[in-house]
Amino acid sequence: MPIPVQETPQGALIGDVEFVWAKNAKEFFFSNSIVVHEADVLVVDPSANFSFFEKIASQNKVQTVLNTHYHIDHRSLNHLFPHARFMCHELDKPAILSFDNYLKYADPNPDSSYVMWLKGIYSSLEIQEQSIHQTLKGEDYLPSKGIKIKVLHLPGHTPGHIGLLFEELKVLYISDIDLTPMGPWYANVSSDIDQFLDSIQRIRDIKVDYYISSHGERVYEPEKFLEKLDRFTEAFRKRDERILENLQTGAKNLEELAETGIIYKASQLGDPLKRCFQLQMLQKHLDRLVEQKKIVVADRHYSLSSS
Ligand SMILES: [Zn+2]
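Residues numbered from 1 in each chain as written. Predicted model: local features only at pLDDT ≥ 70, side-chain atom pairs only at ≥ 80, totals over all residues.

1. Section: the environment of Ser303
Structurally, the position occupied by Ser303 is in strand E15 (residues 301-304). In sequence terms Ser303 and Ile243 are 60 residues apart; their C-alpha atoms lie 9.9 Å from each other. Non-local contacts of Ser303, meaning those with residues more than four positions away in its chain, are made with Leu247, Ala251, Ile295 and Val296. (Helix = DSSP H or I, 4+ residues; strand = E, 2+ residues; numbered from the N terminus. Contact = placed C-beta atoms within 7 Å.)

2. Describing the pairing of strand E14 (residues 295-298)
Pairing analysis gives four bridges linking E14 to E15, with the strands arranged antiparallel. Among the inter-strand pairings, Ile295 is bridged to a residue of E15, identified as Leu304. Linking two consecutive strands that pair antiparallel, namely E14 and E15, is a turn of two residues; a positive phi of about 55° is found at Asp299 within it. (Pairing = 2+ DSSP bridges.)

3. Points about the sheet that holds strand E4 (residues 33-36)
Ordered in space as E1-E2-E3-E4-E5-E6-E7-E8, the eight strands form an open sheet in which the pairing is mixed. Either end of the sheet is taken by a strand with one partner, and the two such strands are strand E1 (5-8) and strand E8 (134-136). Within this sheet the neighbouring strands show an average axis-to-axis angle of 20°, counted without direction. Pairing of E1 with strand E2 (residues 11-14), which is carried by four bridges, proceeds in the antiparallel orientation. Bridge assignment links Gln6 to a residue of E2, and that residue is Leu13. (Axes fitted to C-alpha atoms, helices over the stretch in contact; angles between N-to-C directions.)

4. Here's the deal with the sheet that holds E15
If you trace the three strands from one edge of the open sheet to the other, you get E13-E15-E14, paired in antiparallel fashion. The open sheet has two edge strands, strand E13 (252-253) and E14, and neither has a second partner. Bridge count between E13 and E15: two bridges; the pairing is antiparallel. Across the sheet, the residue bridging to Lys252 is Tyr302, located in E15. Helix-sheet contacts for helix H6 (residues 222-247) involve E13, E14 and E15, and the interaxial angle to E15 is about 90°.

5. Focus on the domain arrangement of the protein
Domain assignment breaks the protein into domain 1 (6-220) and domain 2 (238-304). Among the elements that make up the side of domain 1 that touches domain 2, the one with the highest residue count is helix H4 (residues 113-124) (three residues). Looking at the side of domain 1 that touches domain 2 residue by residue, the classes come out as five nonpolar, two polar and one charged. (Domains from an automatic or database assignment. Nonpolar A, V, L, I, M, F, W, Y, C, P; charged D, E, K, R; others polar.)

Rendered as structure tokens:
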């Protein structure tokens, strides 16, 4: 029998592990969080709910804070825990330790709207450059005394993106393989489509009772999880198809393709942030299609392979 899921004022409790839903989830800078309620409390991605985490911090029981990757929306309340031990995957450590590194991981253009937006968020959210006391690799166990929490390295969204397998509870936390209708997000220099696809395949094979991601207030049971995961995975293929379809009318450069709305709809491209994301994700598809010999590039223009 699966362990029952209990609703709490701020989320869902499974065993001693509380999943805290992001308030203001429509904004980019909040994600779901996890609190492992043991004598030494472990917090994952503190950001979901300021008043709740302020209360948790005031009890002085939080020993460890884990960030599942370097993105700001997963660590916007790290500063509430100045005495905790901080952990992350070793590959995301540089971007957590230094905001300059963060920007290099994020965008090749230091003057882009995305970089400007990140700078604004960073200064408004009190995210200080901080220490990392312990780095993780895949397959490590977290220092949690009561329950076994295994680290799963799931790169692609970022190089050091991790999920967590709560073994006895049969719960898999998949962080930003987030199953949202928008589909997968890989608009960072450090993101990688093939790694993302491998990570998706890896979680597909893990059979547990519950699946939870970092966006959306949902505990998925296996059937719904697989349905959502299929749709989420399909987005990669659909984006490729839209590019190939577009090139049927002749060669185009990156900017011309981006105007047509491959990842975001053309109607959404009034948002300068989405324009930046679209350019970065599109470029990754184009590089990959060239590598697969489905398209060729000459003089910055892409066209269908003749073979
Ligand atoms: Zn993220």
